[in-house]
Each structure stands twice: as C-alpha cells, then as structure tokens.
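Summary of the model geometry
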Amino acid sequence: MNSELSNDSQDVPLEIAIITHVVAQKNVDPTKLEPLHDVIDPDALKRLFAPQFDGTPRTTGQVVFTYSGYRVTVTSDGDIQAIPLDE
C-alpha cells in the first residue's frame, strides 16, 4: 500500500508525523517499531528542511530512508510517503 501524508501542521514534530504515518500503514502499536533515531537523526532531518540562512523556505529536496519495513520519503514541503519494501 502506497500512502502519502502532508505534515502541514507545525504542531506535530516531523519525527512524530513519520512514526504516526508508518504506524497507520502497519496497523501496529508505536512501541512495536524500532526507534526512529536508530535509523535517521531526526534533528538533522529537521535542520535539513529548516529555512535557509536568509529566512527563505527550502522549496526543493527530499530524503529517502528505510524504516520498519517501509521506504519513507520526506520532502521539503512536509509530504511523507511510506511504501512497503515488499512492493
């Protein structure tokens, strides 16, 4: 199942949005997933998509990584996509 989510809300930290998205895809308790920080540095991910030094937003870019059996893609505009590795 291919699923995409937009993390437009600044109220939800990016790492929580990623975990929540994968949990919804796998239909498991979040405690059953490996810790996200074992796979990718959430602080580095947030800094990567933070505004540039002059304050302008980053409008391009994406990071792709494997997490709990999914290929997760996070884009600079906050979209999160999770595709099972067995697809």
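Data block above holds the structure.
Quick summary incoming for the structure in this document. Residue positions are given per chain, counting from 1 as you read along its sequence in written order. Residue-level local features of this predicted model are given only where pLDDT is at least 70; pairs of side-chain atoms are given and counted only at 80 or more, and the full residue set underlies all totals for whole chains, interfaces and linings. By convention in this description, side-chain values take in all heavy atoms of the structure and omit both hydrogens and water.

**A word on the pairing of strand 3 (residues 70-75)**
Condition: Type-normalised accessible area, obtained with a 1.4 Å probe on protein chains alone, sets the label of each residue: buried when under 20%, exposed when over 50%, and partly exposed for intermediate values. Strands are runs of DSSP state E lasting at least two residues, helices are runs of H or I lasting at least four, and both sets are numbered from the N terminus onward. DSSP bridges decide pairing: two strands pair if at least two such bridges lie between them.
With 5 of 6 residues buried, strand 3 is to be regarded as a mostly interior element. Alignment of strand 2 (residues 62-67) against strand 3, held across 6 bridges, turns out to be antiparallel. Following the sheet pairing, Tyr67 is matched in strand 3 by Tyr70. Here strand 3 pairs with strand 4 (residues 79-84) via 5 bridges, running antiparallel. Note that in strand 4 the partner of Val72 across the bridge is Ala82. Here strand 3 hands over to strand 4 after 3 residues, with Gly78 in that stretch at a positive phi of 95°.

**A look at helix 1 (residues 14-26)**
Owing to its 3.6 residues per turn, the α-helix brings residues three or four apart onto one side. Just so we agree on the cut-off: Helix span, expected: 1.5 Å multiplied by one less than the number of residues in the helix.
With 13 residues, helix 1 should reach 18 Å at 1.5 Å per residue; the first-to-last C-alpha distance of 18 Å fits that figure. Of the positions making up helix 1, those classed as buried are Leu14, Glu15, Ala17, Ile18, His21, Val22, Val23 and Gln25. Asn27 occupies a position one or two residues after helix 1 and carries a positive phi of about 55°.

**Describing the pattern of salt bridges**
If the charged atoms of two oppositely charged side chains come close together, the side chains can form a pair. Heads up, the condition is: Put simply, a salt bridge is a Lys or Arg side-chain nitrogen that is within 4 Å of an Asp or Glu carboxyl oxygen.
Scanning all chains against the criterion turns up 2 salt bridges. Between Glu15 and Lys46 there is a salt bridge, and its shortest N-O distance comes to 3.5 Å. Placement of Glu15 in helix 1 and of Lys46 in helix 2 (residues 42-48) is noted, with a sequence separation of 31 residues between them. Classification of Lys46 by relative accessible area gives partly exposed; the value is 35%. In this structure, Lys46 engages Asp43 in a salt bridge whose closest nitrogen and oxygen atoms are separated by 3.4 Å. Here Lys46 pairs with Asp43, and both are found in helix 2, just 3 residues apart, close to one helical turn. Given a relative accessible area of 42%, Asp43 falls into the partly exposed group. Several salt bridges share partner residues, and in doing so they unite Glu15, Asp43 and Lys46 into one network.

**Overview of the nonpolar core**
Stated formally: Put simply, buried Ala, Val, Leu, Ile, Met, Phe, Trp, Tyr and Cys residues joined by side-chain atoms within 4.5 Å make one nonpolar core. We call two residues contacting when some pair of their heavy atoms lies within 4.5 Å.
Among the nonpolar cores identified, the biggest contains 18 residues, and Ile18, Phe65, Val72 and Val74 are the most heavily contacted of them. Of all the secondary-structure elements, those providing two or more residues to this core are helix 1, strand 2, strand 3 and strand 4. With 5 residues, helix 1 is the single largest residue contributor to this core. Dropping the residues within four chain positions of it, Val72 is found in contact with Ile18, Val22, Val63, Val64, Phe65, Tyr67, Ile80 and Gln81.

Note that every value here comes from positions in space, so none of it alone points to a role or purpose.
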